[in-house]
Amino acid sequence: MSGKNKLNVTQKNIEDVLKFTDEIVENYPNRLVGTDSCTKAGRRIAQEFDKNCDTGSINIETFSCHPKSFLKHIRFDVILYAAGTLMAILGSHWSAFVMFGLAVGIVLSQSIFDL
């Protein structure tokens, strides 16, 4: 990195950042995604960014939140895994392989295809 692009970070800069972090943590507790506290913290962070960024470049985007979306198929995974384990113990290895494969497939489908 060339000298003209180097950032000059002072002790005051560090203290200001830590002070701001403490402010967010103390004034906006329990910031789970989608909660009122999270929204207020986001607005406060946007205010701080607005002081240092180009005019009009700070935008707060809306989004939908689905907190239990990765848990909707967990029952099927547990049943398939238990059945696969039982099949492996009983010697039906191909059945166990298929059941384990389906369990893994369900988990992957939730993150890849957002089902």
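Just so you know, these numbers come straight off a predicted model, no measurement behind them.

**A word on the packing of aromatic side chains**
Taken as a whole, this structure holds two aromatic pairs when the rule is applied. Ring centres of Tyr81 and Phe100 lie 5.1 Å apart, and the angle between their planes is 45 degrees; this geometry places the pair in the tilted category. Here the residue Tyr81 occupies a position in helix α3 (residues 74–90), and Phe100 occupies one in helix α4 (residues 93–112), the gap between them amounting to 19 residues. Exposure remark for Tyr81: the relative accessible area of 52% places this residue in the exposed category. The interplanar angle of 85 degrees and the centroid separation of 5.9 Å between the aromatic rings of Trp94 and Phe97 together place this pair among those described as edge-to-face. Here the residue Trp94 and the residue Phe97 both occupy positions in helix α4, the gap between them amounting to three residues, near one helical turn. When sorted by exposure, Trp94 lands in the same class as Phe97, which is exposed.

**What about the environment of Ser64?**
As for its placement among the helices and strands, Ser64 is situated in the loop between α2 (36–52) and α3. On the basis of relative accessible area, Ser64 is assigned to the exposed category, the value being 55%. Linking Ser64 and Val33, residues 31 residues apart in sequence, is a C-alpha distance of 9.7 Å.

**Describing the confidence of the model for the protein chain**
Looking at the protein chain as a whole, the pLDDT averages 86, with 91% of positions reaching at least 70. Within the protein chain, no element has a lower average pLDDT than α4, which sits at 87, and none a higher one than helix α1 (residues 11–27), at 95.

**Focus: the environment of Thr62**
For Thr62, the location among the structural elements is in the loop between α2 and α3. Sequence separation between Thr62 and Asp77 is 15 residues, and the spatial gap between their C-alpha atoms is 32 Å.

**Brief notes about the pattern of salt bridges**
Applying the stated criterion across every chain yields a total of five salt bridges. Residues Asp16 and Lys12 are paired through a salt bridge, measuring 2.9 Å at the closest nitrogen-oxygen approach. One end of the pair is Asp16 and the other is Lys12, both in helix α1 and four residues apart, which spans about a single turn. You can call Asp16 partly exposed: its relative accessible area is 36%. Between Glu23 and Arg44 there is a salt bridge, with the nearest N and O atoms lying 2.6 Å from each other. In this pair, Glu23 sits in helix α1 while Arg44 sits in helix α2, placing the two residues 21 residues apart along the sequence.

Parameters at a glance
Residues numbered from 1 in each chain as written. Predicted model: local features only at pLDDT ≥ 70, side-chain atom pairs only at ≥ 80, totals over all residues. Heavy atoms only, no water. Phe/Tyr/Trp six-rings, centres within 6.5 Å; stacked < 30°, edge-to-face > 60°. Helix = DSSP H or I, 4+ residues; strand = E, 2+ residues; numbered from the N terminus. Buried < 20%, exposed > 50% of the residue type's maximum accessible area, 1.4 Å probe, protein only. pLDDT = per-residue confidence, 0-100. Salt bridge = Lys/Arg side-chain N within 4 Å of Asp/Glu carboxyl O.

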